[in-house]
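Examination of the molecular architecture
Each chain is listed here by its residues.
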Amino acid sequence: MSHDTPPTARDPFHAHEAFTALLREQRVWDIDLPSFDPATAPADPLPLFHAWFAEAVAAGQPEPHTMTLATVDEDGHPDVRTLMLHDADAGGWHFASHSTSAKGRQLAARPEAAIGFYWPALARQIRLRGPVTAASPEESRADLRARSTGALAAALTGRQSEVLPDPESLAHASAAAWSRAQEDPDAPAPTWTRYVLAPREAEFFQGDAWRRHVRLRYRREGTGRWARELLWP
């Protein structure tokens, strides 16, 4: 065996021991944690989300607008990825993707999803579950026009989630998409779709150093009405 072989390749057992030791060295929420009194929470989850988002930005949380989106495929297997929040309003939480992507196909077949936000700068999580609706083509085009040139170029590159034969194919397609996006900021990407998740449940989690985490769950009860309840950590 060559002396240039990485230690992990020579000794998988010790490599795993090193990983486990590194994993156990990590600390969680090594900060002064904010308090959260659920008794003061609003009747609707949206204002609380807006307030917590602003506090995450103020705390210096990197990319607070990124979120995980969980869907289910045609075989009932869960799938998850990270993407950007586009808006949060009375209609729900908005995001976008190609209708032909894996998540687009999954949402077409099973229009239900879960969204998760994690803001370690404040030891906070937010979880939302509910039905997902695709916006109209006009709304989807407006969503794309409001984004950056790079975002438009990525949308024009297309073929999201398809098998890539080689890196050169991506380089050529991306270069052509960038040129088109710069020349025509209104260039259409027909499969680009804006989606909105209207939560049936919304949970707000505030971490606590003593592991007495505060979990407040909102459950929709009819149009415009929410029940609130605390959960054990």
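Scroll up to find the structure.
Conventions adopted
Residues numbered from 1 in each chain as written. Predicted model: local features only at pLDDT ≥ 70, side-chain atom pairs only at ≥ 80, totals over all residues. Heavy atoms only, no water. Phe/Tyr/Trp six-rings, centres within 6.5 Å; stacked < 30°, edge-to-face > 60°. Helix = DSSP H or I, 4+ residues; strand = E, 2+ residues; numbered from the N terminus. Buried < 20%, exposed > 50% of the residue type's maximum accessible area, 1.4 Å probe, protein only. Contact = heavy atoms within 4.5 Å. Axes fitted to C-alpha atoms, helices over the stretch in contact; angles between N-to-C directions. Parallel < 35°, antiparallel > 145°, perpendicular 65-115°, else oblique. Left-handed = near helix turned anticlockwise from the far one by under 90°. Polar contact = N/O pair within 3.5 Å; in protein donor to acceptor, adjacent residues only side chain to side chain. Salt bridge = Lys/Arg side-chain N within 4 Å of Asp/Glu carboxyl O. Pairing = 2+ DSSP bridges. Lys, Arg positive; Asp, Glu negative; His and termini not counted. Core = buried A, V, L, I, M, F, W, Y, C linked by side-chain atoms within 4.5 Å.

**Observations concerning the packing of aromatic side chains**
Counting across every chain of the model gives 12 aromatic pairs. Ring plane angle 45° and centroid distance 6.0 Å describe the contact between Phe49 and Trp119, whose orientation is recorded as tilted. Here Phe49 is found in helix α3 (residues 45-58), whereas its partner Trp119 is found in strand β5 (residues 112-119), with 70 residues between them in sequence. Each member of the pair, Phe49 as well as Trp119, is classed as buried. Each member of the aromatic cluster is reached from another via a ring pair, and the members are Phe36, Trp52, Phe204, Tyr218 and Trp226.

**With respect to the environment of Asp79**
Tracing the sequence through the fold places Asp79 in strand β2 (residues 78-84). Overall, Asp79 belongs to the partly exposed group, its relative accessible area being 29%. In this structure the C-alpha to C-alpha distance between Asp79 and Ala181, which are 102 residues apart in sequence, comes to 31 Å. With residues up to four places along the chain from it excluded, the contact list for Asp79 reads Leu69, Ala70, Thr71 and Gln106.

**Comments concerning the packing of helix α6 (residues 149-157) against helix α7 (residues 167-183)**
Think of two packed helices as two axes; the pair is described by the angle between the axes and how far apart they sit. Contact geometry of α6 with α7 gives a least axis separation of 8 Å together with a crossing angle of 130°. The angle between α6 and α7 falls in the class oblique. In this structure, the crossing between α6 and α7 has a hand that is right-handed. Residues Thr149, Gly150, Leu152, Ala153, Leu156 and Thr157 of α6 form the contact with α7, whose own contacting residues are Leu170, Ala173, Ser174, Ala177, Trp178, Arg180, Ala181 and Gln182.

**Re the environment of Ser161**
Looking at the element boundaries, Ser161 is found in the loop between α6 and α7. Taking the C-alpha atoms as reference, Ser161 lies 9.6 Å from His98; in sequence the two are 63 residues apart. A distance of 3.3 Å separates the side chain of Ser161 from the backbone nitrogen of Ala102, its partner in a polar contact.

**Some points on the pattern of salt bridges**
Per the stated rule, a full pass over the model turns up 13 salt bridges. Among the ionic pairs, Glu138 bridges to Arg141, the shortest N-O distance being 3.6 Å. Taken together, the residues Glu138 and Arg141, both in helix α5 (residues 137-145) and three residues apart, mark about one turn of the helix. Salt bridges here are not isolated pairs; linked through shared partners, they connect Arg217, Arg219, Glu221 and Glu229.

**Topic: the pairing of strand β9 (residues 214-220)**
Note that strand β8 (residues 201-206) and β9 share six bridges and pair antiparallel. Across the sheet, the residue bridging to Glu201 is Arg219, located in β9. Where β9 folds back on strand β10 (residues 226-231), the antiparallel hairpin that results is connected by five residues, among which Gly222 adopts a positive phi of roughly 80°.

**Topic: unusual backbone geometry**
Most of the time, phi is negative for any residue but glycine, and the peptide bond is trans. Residues other than glycine seldom take positive phi values, yet Ala123 does so here, at roughly 55°. As for its placement among the helices and strands, Ala123 is situated in the loop between β5 and β6 (124-134). With a phi close to 80°, Ser161 is a non-glycine residue in the positive phi region.

**Quick word on the side chain of Asp73**
Position of Asp73 relative to the elements: it lies in the loop between β1 (66-72) and β2. For the buried Asp73, no salt bridge exists, and the shortest N-O distance to an oppositely charged side chain is 6.6 Å, to Arg110. In this structure the side chain of Asp73 is engaged in a polar contact, spanning 2.9 Å, whose partner is the backbone nitrogen of Asp75. For Asp73, the contacting residues outside a window of four places in its chain are Gln106 and Arg110.

**What to know about the nonpolar core**
In globular proteins that are soluble, nonpolar side chains generally tend to be buried together. Residues Phe49, Trp93, Phe95, Ile115 and Phe117 are the most contacted members of the largest nonpolar core, which totals 30 residues. Breaking this core down by element, the ones donating at least two residues are α3, β1, β4 (92-98), β5, β6, β7 (192-197), β8 and β9. A per-element tally of this core places α3 first, with five residues. Discounting residues that sit within four places of it in the chain, Trp93 has contacts with Leu46, Phe49, Leu85, Asp87, Ala88, Ile115, Phe117, Leu128, Tyr195, Val196, Leu197 and Pro199. Judged by nonpolar contacts, the second largest core, of 11 residues, contains Ala96, Leu152, Ala153 and Ala177.

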